[in-house]
Each structure stands twice: as C-alpha cells, then as structure tokens.
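# Per-entry structural report
Each chain, written out:
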Amino acid sequence: MQGVGFRPFVYGLATGLGLGGLVGNDADGVFAEVEGAPAAVAEFLQRLRRDAPPLARIERVTVTGLPPDGSRRFVIVASQAGQSRSALVAADSATCADCLAELNDPADRRFRYPFINCTNCGPRFTIVRDVPYDRPTTTMAGFAMCPACAAEYHDPGNRRFHAQPVCCPDCGPRLALTGPDGQPLGGGPADPVAAAARLLRRSLIVAVKGLGGYHLAVDAASERAAAALRARKHREDKPFAIMVPGLGAARRLCRLDAAAAALLASPRRPIVLAPRRDGARVAAAVAPGNRELGIMLPYTPLHHLLLAAVRRPVVLTSGNVSDEPIAYDDADALKRLGGIADAFLTHDRPIHIRTDDSVARAFRGRPVPVRRSRGYVPEPIRVRGGFPRHMLACGAELKNTFCVAKDGYAFVSHHIGDLENAETLRSFTEGIEHFMRLFDIQPRLVAHDLHPDYLSTKYALDLDGVDLLGVQHHHAHIASCLADNGVDGPVIGVAFDGTGYGADGTVWGGEFLVASLSGFERGGHLAPVPMPGGAAAIRAPWRMAAAYLDAAGMPDGGGLDVAARNAGHWDAVLALARRGVNSPQTSSAGRLFDAAAAILGVRDEISYEGQAAIEMEQLAAPGERSGYRAGIDQRRPFRVNGADLIAALAADLRRGTGRDVAAARFIGGVAALIEDGCVLARERTGLGTVALSGGVFQNQLLLHAAVDRLAARGFAVLLHSQVPCNDGGISLGQAAVAAARDRAAQPA
Ligand SMILES: [Zn+2]
Ligand SMILES: [Zn+2]
C-alpha cells in the first residue's frame, strides 16, 4: 500500500548500511535492488521484515540474484504510471508515538497542532477523493504546503516523506468552536479545545468533527449531560461509547485482558466492548442495564488534546438522530445536529466519505469484529483461490456492507448501515462507485441476496451487462466464516440469526447447513413456528412468545405474566398465527430468543434489532452452567424443537426459579441444541468441523457455551476474526461463494 512509509524505510535502511541501489513500487508491490558487501545485504534482508514501519503489511519477500552494476548511491524511483491500483489506499490510522511526542513538545513547530500526522499515522481512506493517491486527489487539496512542510515531504530521509496529509499551523486546517448557528462562539476563542473542554465540564453537549464524521460528546460521568444527550438524540436504549485518555483510565472502567488492551491500543482504535467494573464512574444513562461498556482511546491529535483538557472520560457517540446515518458534511451537521449540540468543535478539512467507528471485542485472546469500518477499511482481505473475474457483492439489508473483489483480494466496504432510507441508499450506491474507481474494478459478476425486496438486491438486478448470482443469506453467513478462516469446506455450518430469505421462500434463521463455498444443503433447522403479523412480530417479541407457547401446548400462555400483560391482544394474535394469516413460518433463532425474552419479562417490544436478546444476555446469571434440552425430529432435514426450550423455561418460572438463572438455562439450552444438531449432522455426513456465524453469535454467553460444548465433542470450531458474524459479513460471504462457483465453472 502507498502512504505507509515503506519506500522511505527501505531507503533509510539501505543508506544506513552503505548499500547502493533503488526502491520503487509497481503492480506487484515494492521492489528494491541493493548492492554492497554480502554481510550488509544479508542484514538488509533480515531487517526488511523485522523493522518494517507499523502500517506496512509484508505478505512475502522474493529474492533474486542480479549482476552488480557498481551502484554506490541509493535512490527512490518514481512510481510507474498506468500500474494496477489494487491496493493504493490505506486505512485511517491513529496518531503515532512520534507525532504525539511532537504534539506535546513546546519546542516543536507543531506543538498542540490538532492535525499533526506523518507517514506512519493520520487520515487516509476518509480523505481520499480519487486515485492515484496524491495530495490533489485528497481533501487536503485546498491546503498548499508551506516551504517547511514541502521540504519534509520531499526528503526521503524524513518521517513525512510523501505523507499526503502533511501540514502545520502555517499551512494546514484550522480548528473552530461555533454555536449551533455556525457562528464563532464567544468571538472565536484563542484556544477552541480549551473552550470546548470547559463546556463539557459544565455538562453541555459538544459536536466534535472526527475522521469519518461528527461525534456528539458529553462528560461521561455527568448524569444530566448523558440524559440530555439521550433525550435529544431520541436514542432510547442503545449504549453510548466512551473515549478515555489512555489504558490506565480504560482499566478503571473495564476489565481488560491482554487481547482487549492490545485491540484498544492498536492503530485501528476500534470501540472495544469489555466487561464493566463494579463502581465504574459512568452516568447511568450511558449504557443502561449493560454489563459491558464500549470504550476507545483517542485516535486523532484533536482527541488527544481534548481528552487532556477535559481530564475525564467523555461519551463520544455518532453524530446523528436515532437511526439516521452519522453526519460528516459540515453544513449537514449543523442542520441535523444543531438541535442537539450546544457547540461545534469543527475544522475546515473536509471528510470525503462517511465512516463510522469500528466496534470489536476480544474472545479468548483473539479480536472479533462487531462492526468493521474506520481503521480497517479499505484494507483488503485475502481470499484463498482468488477471483477469476472482477466482482461486486451487494450484501444484505441491515448493517449493510458491500464488497468489490479482484485477483486475490476482497475489498469489503465500511459500514453503510440499514438500507431503509434515501441517505443510506445513496451512501451505498456512491460507495460502490468510489470503491470501483479506487481499486480499478469493473465488476463482471454481481452477487446478491435472494430476498427480492432488499434494496441491495434491487440494485444488483438493475445493473446491465453483468452476470448475476443470488446467494442464500445463511449460506453467505457460513461462506463468510469460511473465507475469514481461509477454508473451502465442506463443514457443518451453524447459521443462527434474525431473518433471512430461505431457498424455499420461508423465513430461515436457525440453520444447520452442510456447506462449502460453492454450495450447501439444509441439513437441519429449528422447527418452524408462525410469526404472527409478520414484521410486527419482530417489533413485538411477545407475539413470538404467544406463537411459541402455543407450539409448546400452552395456547393460553400457561399462566405466565407475558400472557397477562398482553391479554387484550393475545387471542387475536394466536388466531392470526393459527390461521396462517400474514404469519409466515420461520425457523429463526432470533425469534426463539425473542419469545424467551418476552416470557422472561425482559421486554415485549423493541426499539432496535436484536434488543430483546441483548438485554436477556445482560440478565442471565453468568455462573449457571446447565441448559434446557430440545428434542430432535430425525427426518431429513432434521428439525430441532425450539418449543421444548420454551416449555422448560415456562415450567422453571412457574416453579419460582429466578429470572437470571432461567435466562442462563435458556441460553445454555440453545448451546446444547447446537451441540446436538452438530452431532447428528456429523453422524450423517462424517464432517468434524463446525463454522459458527450469524448475528445470534454476538451473544457472548451463547458463544462461550457453544464453543465449549462443541470442543468437548471433538469438533474443530471456526469463528470470525476479520469480518463480523452479523450481516456486516454477508458481502464477503457472497463474494466468496461467487468466486468458488466461478472457479469451478472455468476449465482448469
Ligand atoms: Zn505520525
Ligand atoms: Zn506547513
């Protein structure tokens, strides 16, 4: 990749060892010729890998002998025009230690300059407008370099050699603090950071322009500020993320193992979900009823300055109202956030592309992405076997990402969001065009979901002159897990999620697939139940409780509170379900969780996808190890009777078992049915590897229990580590399926 400082590094290494030669880059990556004493050449090769700059990624080094030509000088040769643009743009990267030291050095000319950056850090993806990656094609085009910056930019020995966003207080972007009307606040304070910090300490709301969009900031310990933010954002229940100045402060809020701490401090700087410490000083409105907090470290110089000035943790949540996409354009931000924020800490470096913060957690020592976006994108994912043709995969409907691919690489997009309003749809279509240009990809094959009503599907079907391939939703989930692990299959794929269009036109979501990249067979699934009222049942989990209690032989609700709470509509909903009126059959595991959550009194209605299951996980007693058991109907495909779990849950509650213990036993029961289903699938197929995918596996209690049970039965278990198990990973899965079919269709 360009802009990661590899050529200057090679230059410095070679000149330091007294070697002559050259370094440059072409379509295949970086090439270098070195000439000198054998010992120096050997050391060059050794340090090439060992000392490479932090953002460089070395896949392999190939060495070839050449006759010496007497070179004494070492030079960086110009990039060749017309070369492949396969991997030119890097991801945005957190401020490096060298820049941070300069930021805090009163003698440095960039002392306290909020836009300091170098070859090893700073904005990349979010400022790139076009290719080739060069200053005029970034949002830094309007800032002409001063002589001092230009000298650094042109000096191969300098840390800022060819760092496109290089700038300083004399020539670069400037900070401003404005009111909600866009006018400078208090006559334009000399130090906008200090002034913004004072507002935060007074419990006011400040919109802060970041790398990929605006955040809304408040003092994380202020009940008043957090409650006001929640009210003005109309964000009823979703937790807010918190930025803390450093790892020490992070450890005061959360319990961090080594993997979580490494993730938190990595240059990618995702929001890390980690167990909250008892007594952590965080306002109740920040993450109501949640045992985890989402925390992150500063990733821009502005964040570092602001956190140092506020001297306490700060909520930094996306700048939007409820479900809208995050604001990133200055005028739009004032319009949309003017009614929320008391002030705007902003600047004049435009953001080219809206990019949300990434979210991740550590699971047993490895990183698991929840949302893969800023800091990761557009870094390519290597896909084994490669792509015979240029390809586009359109992804799903919720948590959409798309993916373009060629040669050995898939470029999975930033988080686009839920494709249900005009603005996210525009992000989707413009994003695809942007990626096609950046990576020089003209798709010949386009993969899409089978759901005819997804806007991503409609987009694919509207394209001219391309081959189309529909990929079943849960097959795409399992394929994404296989591609994530560099495996072709076949495996036993357990795809548990909320909703996906089944190959038979019904709603799937609790699937045991015998799957490889190129195809799948439905080995088994949860026994279908009706979804009374269709989409209404997704918004109102108590409706699923009614359907599941009916399936468990308790049409009257078995004397449970959930029936009493919803007595007014219970019989009508049940009649709807039984007659099959607007009540499609579903094998969805998400809907089974919804039913249990409503029965447990967690919630009868939801305000965001997956909410009931997420809150049930918070309720569940972590120490409880047992699980309810579900029977399996052995026909082919086999059917696991989820209603058995509901019957056991109802009986347990009637016996007076605590809700926390019952919730844990239900989750343990889902893990047990996964174990039982996989054992049966192994008996039928001989396969010993299980891939777990689908949004339901974001449930940590379930994931731990399922992995333990499968391992105890001798299964090898594949999990995600590069793309999320939720629908954010679907586009990679679609691309991997399309590539496998394409490879199989081509003569060897
Ligand atoms: Zn730096
Ligand atoms: Zn300058």
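Quick caveat: nothing in here was measured; it's all calculated off a predicted structure.

### Observations regarding the overall build of the protein chain
Scanning the protein chain from N- to C-terminus turns up 23 helices and 26 strands. Viewed in the frame of its principal axes, the protein chain has a C-alpha envelope of about 85 × 70 × 50 Å. Within the protein chain, the fraction of its 748 residues that count as buried is 57%. Across the protein chain, the fraction of contacts at a sequence separation of at least 24, relative to all contacts at a separation of at least 6, is 70%. By element, 51% of the accessible surface of the protein chain is carried by carbon and sulfur atoms, the whole surface being about 28300 Å². Computed over 81 positive and 77 negative side-chain charges, the inter-centroid distance for the protein chain is 4 Å.

### As for the coordination of the zinc ion (ligand 1)
Those donors, C96 (SG), C99 (SG), C118 (SG) and C121 (SG), are the protein atoms that reach the zinc ion (ligand 1), and they lie 2.3 to 2.4 Å from it. Mapped onto the sequence, the residues coordinating the zinc ion (ligand 1) show the spacing C-x2-C-x18-C-x2-C. One end of the pair, C99, is in helix 3 (residues 97-103); the other, C121, is in the loop between helix 3 and helix 4 (147-154), and 22 residues separate them in sequence. The pair formed by C99 and C121 is uniform in burial state, with each residue classed as buried.

### Examining the packing of aromatic side chains
Inspection of the entire model under this criterion finds 16 aromatic pairs. Judged by centre distance (5.5 Å) and plane angle (65 degrees), the rings of Y113 and F115 are edge-to-face. Accessibility expressed as a relative area gives 4% for F115, which makes it buried. Plain terms: the ring middles of F402 and F428 are 6.2 Å apart, the flat faces sit at 80 degrees to each other, and that makes the pair edge-to-face. Taken as a pair, F402 in the loop between strand 14 (381-393) and strand 15 (403-412) and F428 in helix 11 (residues 422-438) lie far apart in primary sequence, 26 residues in all. Residue F402 is classed as buried on the basis of its relative accessible area of 0%. R374 extends its terminal NZ or CZ atom over the ring of Y299, reaching a point 3.5 Å from the ring centre.

### Some points on a nonpolar patch on the surface
On the surface, a nonpolar cluster with roughly 220 Å² of combined accessible area is contributed by L45, V61 and V63. Tracing the backbone through its elements, the reader meets V63 in the loop between helix 2 (38-50) and strand 3 (74-76). A residue is classified by how much of its surface remains accessible, and V63, at 56% relative accessible area, is exposed.

### Re the sheet that holds strand 17 (residues 467-471)
Strand order in the open sheet formed by four strands is 15-14-16-17, with mixed pairing between adjacent strands. Of all the strands in the sheet, just strand 15 and strand 17 have a single pairing partner and so form its edges. Recorded for the sheet is a direction-independent mean angle of 60 degrees between the axes of neighbouring strands. Two strands pair when backbone bridges link them, and strand 14 and strand 15 are joined in this way by six bridges, in the antiparallel orientation. Among the inter-strand pairings, I381 is bridged to a residue of strand 15, identified as A410. Sitting on the sheet, helix 23 (residues 730-745) touches strand 14, strand 15, strand 16 (445-449) and strand 17, and the angle it makes with strand 14 is about 90 degrees.

### Structural notes on the coordination of the zinc ion (ligand 2)
In a perfect tetrahedron of four donors around a metal, the angles come out at 109.5 degrees. In a perfect octahedron of six, they are 90 or 180 degrees. The coordination sphere of the zinc ion (ligand 2), as far as protein atoms go, consists of C146 (SG), C149 (SG), C168 (SG) and C171 (SG), spread over 2.2 to 2.3 Å. Between consecutive donor residues of the zinc ion (ligand 2), the sequence gaps follow C-x2-C-x18-C-x2-C. Note on C149: relative accessible area 0%, which makes it buried.

### A short note on the pattern of salt bridges
Pairing of side chains with opposite charge becomes possible as their charged atoms draw close. Scanning all chains against the criterion turns up 40 salt bridges. R709 serves as the salt-bridge partner of E675, at 2.9 Å between the closest nitrogen and oxygen. Of the two residues, E675 sits in helix 21 (residues 659-685) while R709 sits in helix 22 (residues 700-712), which places them 34 residues apart along the sequence. A network of salt bridges, in which partner residues are shared, links D98, E102, R109, R110, E152, R159 and R160.

### Here's the deal with the pairing of strand 25 (residues 689-693)
Burial runs high along strand 25: four of the five residues are buried. Taken together, the four bridges between strand 18 (residues 491-501) and strand 25 define a ladder with parallel strand orientation. Residue pairing in the sheet places V494 in a bridge with L692 of strand 25. Relative to strand 26 (residues 716-718), strand 25 runs parallel, the two being bridged by three bridges. From the neighbouring strand, A691 faces strand 26, where its bridge partner is L718. Each parallel crossover has a hand, and for strand 25 linked through helix 22 to strand 26 it is right-handed.

### Some words on the environment of A672
Along the chain, the position of A672 falls in helix 21. Discounting chain neighbours no more than four positions away, the residues touching A672 are Y628, R629 and R709.

### What to know about the environment of E152
Structurally, E152 can be placed in helix 4. Judged by its relative accessible area of 15%, E152 is buried. Separated by 132 residues in the primary sequence, E152 and A284 have C-alpha atoms spaced 48 Å apart. In this structure the side chain of E152 is engaged in a polar contact, spanning 2.6 Å, whose partner is the side chain of R110.

### Some thoughts on the packing of helix 20 (residues 642-654) against helix 21
The N-to-C vectors of helix 20 and helix 21 enclose an angle of 160 degrees; their axes lie 10 Å apart at closest approach. Relative to helix 21, the element helix 20 is oriented roughly antiparallel. As for the relative orientation of helix 20 and helix 21, their crossing is right-handed in sense. For the pair helix 20 and helix 21, the contacting residues are L645, I646, L649, D652 and L653 in the first and R659, A662, R665, F666, G669, V670 and L673 in the second. Residues belonging to the contact of helix 20 with helix 21 are distributed by class as follows: eight nonpolar, one polar and three charged.

### Quick word on the nonpolar core
F496, F666, I674 and L692 are the most contacted members of the largest nonpolar core, which has 76 residues in total. Of all the elements, helix 21 adds the most residues to this core, at 13 residues. By size, the runner-up hydrophobic cluster in this structure holds 45 residues, among which are Y113, C146, V193 and L305.

### Things to note about the pairing of strand 6 (residues 214-219)
Of all six residues in strand 6, six are buried; the element is thus mostly enclosed. As paired elements, strand 5 (residues 206-209) and strand 6 share four bridges and run antiparallel to each other. Residue pairing in the sheet places V208 in a bridge with H215 of strand 6. The turn joining strand 5 and strand 6, which pair antiparallel and follow one another in sequence, is formed by four residues. Two elements, strand 6 and strand 10 (residues 314-318), share five bridges in a ladder whose sense is antiparallel. Looking across to strand 10, one finds that D219 is bridged to V314.

### Focus: the confidence of the model for the protein chain
Confidence in the prediction of the protein chain, expressed as mean pLDDT, is 93, and 97% of residues score 70 or more. Note that residues 82-87 has pLDDT below 50 and, in this model, 18 contacts with residues that lie over four places away or in other chains.

### Some remarks on helix 19 (residues 611-619)
Of all the positions in helix 19, only Q611, A612, A613, M616, E617 and Q618 are classed as buried. Buried-residue contacts for helix 19 involve strand 9 (292-296), helix 15 (541-551), helix 18 (589-599), helix 21 and helix 22.

### Notes on the sheet that holds strand 4 (residues 175-178)
On the basis of which strands lie adjacent, the open sheet formed by ten strands has the order 4-11-5-6-10-7-9-8-12-13 and mixed pairing. Whereas interior strands pair on both sides, the edge strands pair on one side only; in this sheet they are strand 4 and strand 13 (366-371). Recorded for the sheet is a direction-independent mean angle of 35 degrees between the axes of neighbouring strands.

Here is what the cut-offs are and how they apply
Residues numbered from 1 in each chain as written. Chains lettered and ligands numbered in written order. Predicted model: local features only at pLDDT ≥ 70, side-chain atom pairs only at ≥ 80, totals over all residues. Heavy atoms only, no water. Helix = DSSP H or I, 4+ residues; strand = E, 2+ residues; numbered from the N terminus. Buried < 20%, exposed > 50% of the residue type's maximum accessible area, 1.4 Å probe, protein only. Contact = heavy atoms within 4.5 Å. Areas by Shrake-Rupley, 256 points an atom, 1.4 Å probe, with all protein chains shown as cover. Lys, Arg positive; Asp, Glu negative; His and termini not counted. Charge placed at Lys NZ, Arg CZ, Asp CG, Glu CD. Donors = N, O, S within 2.8 Å, 3.2 Å for Na, K, Ca; no water. Phe/Tyr/Trp six-rings, centres within 6.5 Å; stacked < 30°, edge-to-face > 60°. Lys NZ or Arg CZ within 6 Å of the ring centre and 35° of its normal. Patch = residues over 30% accessible without salt bridge, like charges linked within 9 Å, V, L, I, M, F, W, Y side chains within 5 Å. Salt bridge = Lys/Arg side-chain N within 4 Å of Asp/Glu carboxyl O. Pairing = 2+ DSSP bridges. Axes fitted to C-alpha atoms, helices over the stretch in contact; angles between N-to-C directions. Right-handed = clockwise from strand over helix to strand, strands pointing away. Polar contact = N/O pair within 3.5 Å; in protein donor to acceptor, adjacent residues only side chain to side chain. Parallel < 35°, antiparallel > 145°, perpendicular 65-115°, else oblique. Left-handed = near helix turned anticlockwise from the far one by under 90°. Nonpolar A, V, L, I, M, F, W, Y, C, P; charged D, E, K, R; others polar. Core = buried A, V, L, I, M, F, W, Y, C linked by side-chain atoms within 4.5 Å. pLDDT = per-residue confidence, 0-100.

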